[in-house]
Amino acid sequence: MIKPIFFKDNQLYIVDQTLLPTKYKLIKIKDHIDMAKAIKRLSIRGAPALGIAGAYGLTIGLQKFINENKTSFFKQMEIISSELIDTRPTAVNLAWGIDRVCKLAKANNFLSVDKIWNLMLQESKNIHSQDIAMCESIAKNGYEIVPEKGAVLTHCNTGGLATGGLGTALGVIIRAFQNGKKPHIFVDETRPLLQGARLTAWELMEEKIPCTLCTDNMAAYLMRNKSIKMVIVGADRIAANGDTANKIGTYGLAILAHFHGIDFYIAAPTSTIDKLTKKGSHIIIEERKGSELSRIGSQQIAPINCKTISPAFDVTPAKLITGIITEKGINYPPYNFFK
Ligand code: MRU
């Protein structure tokens, strides 16, 4: 399993996911500017991985201010935090990881700056290792509900590349196979940036799990004709009432699953559940640039200057979600996470 983010000889690296699966290239992250660029262009992506990237990005970015006085160090912390959070507004884990590191720094503001910085680095590493453990628990909590046979449909990429560990929805699928279940996995290609085709199909094939790539608009056909028994996806932000933002196309899948009487599950760590967002309509949806739609790689596929719309995510209402699998167990409706 490829690790999307790691240290080697005290240097932080990420794998450039925009080039996978055809090229494996590492990007050196020297400061928060490198990290912000990498997040914006989706070199690192997936909500849990963004939480880890945000925490490391802030800490690495503050390294050059370690010799400044405390006031200036804390001021830089605010500036860098908002620069990083602004890169991708929908996945709550990004702000969550950054906030967690900032809170620890503020709670220890009586220490010297270098000691505060060391605590921040340690906290970022904790976020990383806890994410690995959360993936394991999500997989353990969820694998039993995967059907023994028939087929499962998934969307976007929720595997090791999107997290610190095994993955969320894909982790559940992988663990089900390790426990002898044998459903066939259909993988939505996930337009426009093809995370399903490029990353999920590849990760499943690496795990030797039988899978078939399909275009996003085949879902209704597959549900009617190919024994789809379950849809399982990840999440970028879950509101307190269970409404869930995930990759564009997820909402449509949930409606189709409902129509066909198919179970529709979300798998995500509790760090993706946002206490401050009461319902889905309050979630900010990231709008990506139109060229991601009108071109595939360097190839123009639509008329030049054609108008485009490119929301990166949509919101699935809680009432369409059969269950939400987290590291703490499976939640069923009615969802009320912060009662
Ligand atoms: O735009 P992306 O690739 O960051 O979108 C990722 C998704 O929508 C995933 O489904 C979600 O982050 C869950 S990842 C475990």
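Preceding this paragraph is the structure being described.
Residues numbered from 1 in each chain as written. Predicted model: local features only at pLDDT ≥ 70, side-chain atom pairs only at ≥ 80, totals over all residues. Heavy atoms only, no water.

The sheet built from 7 strands is open, its strands ordered β6-β5-β4-β7-β10-β15-β16 with mixed pairing. Across the chains shown, the open sheet's two edge strands, defined by having one partner strand only, are β6 (211-214) and β16 (329-331). Across this sheet, the average inter-strand angle for adjacent strands is 25°, counted without regard to direction. The pairing of strand β10 (residues 263-267) with strand β15 (residues 323-326) spans 3 bridges and is classified as parallel. Across the sheet, Ile266 pairs through a bridge with Ile324, a residue of β15. Packed on one face of the sheet, helix α6 (residues 169-178) meets β4 (151-154), β5 (184-188), β7 (228-233), β10 and β15 and runs near 135° to β7. (Pairing = 2+ DSSP bridges. Helix = DSSP H or I, 4+ residues; strand = E, 2+ residues; numbered from the N terminus. Axes fitted to C-alpha atoms, helices over the stretch in contact; angles between N-to-C directions. Contact = heavy atoms within 4.5 Å.)

Near the ligand there are 18 residues, and of these Arg45, Arg88, Asp236, Asn246 and Lys247 occur at the shortest range. With respect to the ligand, the side chain of Arg88 contributes an N or O atom lying 2.8 Å from an oxygen atom. Within the side chain of Gln195, one N or O atom sits 2.8 Å away from an oxygen atom of the ligand. Within the complex, 99% of the 420 Å² of free accessible area of the ligand lies under protein. Going through the elements one at a time, α2 (47-62) and β9 (244-247) are the ones with two or more residues in the shell around the ligand. Its residues placed into classes, the shell around the ligand shows 6 nonpolar, 8 polar and 4 charged. Per-domain counts for the shell around the ligand show at least three residues from each of domain 1 (5-137) and domain 2 (141-331). (Near = heavy atom within 4 Å. Polar contact = N/O pair within 3.5 Å; in protein donor to acceptor, adjacent residues only side chain to side chain. Areas by Shrake-Rupley, 256 points an atom, 1.4 Å probe, with all protein chains shown as cover. Nonpolar A, V, L, I, M, F, W, Y, C, P; charged D, E, K, R; others polar. Domains from an automatic or database assignment.)

This part is about the pairing of strand β2 (residues 11-15). Summarising burial for β2: 5 of the 5 residues are buried, a large majority. What you see with β2 is no split at all: Gln11, Tyr13 and Val15 on one side and Leu12 and Ile14 on the other are buried throughout. Sheet topology places strand β1 (residues 5-8) next to β2; 4 bridges connect them, and they run antiparallel. From the neighbouring strand, Lys8 faces β2, where its bridge partner is Gln11. Between β1 and β2, which follow one another and run antiparallel, lie 2 residues, and Asp9 among them has a positive phi close to 50°. (Buried < 20%, exposed > 50% of the residue type's maximum accessible area, 1.4 Å probe, protein only.)

Let us now look at the packing of aromatic side chains. Following the criterion strictly, the structure yields 4 aromatic pairs and no others. With 5.9 Å between their ring centres and 25° between their planes, Phe6 and Tyr13 make a pair best called stacked. An identical accessibility class is assigned to Phe6 and Tyr13; each is buried. (Phe/Tyr/Trp six-rings, centres within 6.5 Å; stacked < 30°, edge-to-face > 60°.)

By the element assignment, Asp274 lies in strand β11 (residues 273-274). Residue Asp274 is classed as buried on the basis of its relative accessible area of 8%. Setting aside residues up to four positions removed in sequence, Asp274 forms contacts with Val92, Arg237, Ile238, Ala239, Ala240 and Phe338. Polar contacts involving the side chain of Asp274 include one to the main-chain amide nitrogen of Leu276, which spans 3.1 Å.

Core analysis: the largest hydrophobic core is formed by 38 residues, its most contacted members being Ile5, Met35, Leu58, Leu62, Phe73, Met77 and Met120. Listing elements by their share of this core, those giving two or more residues are β2, β3 (26-29), α1 (32-40), α2, α3 (70-85), α4 (92-107) and α5 (113-142). By residue number, the principal contributor to this core is α2, which donates 10 residues. With 25 residues, the next largest nonpolar core counts Leu153, Cys214, Met223 and Leu320 among its residues. (Core = buried A, V, L, I, M, F, W, Y, C linked by side-chain atoms within 4.5 Å.)

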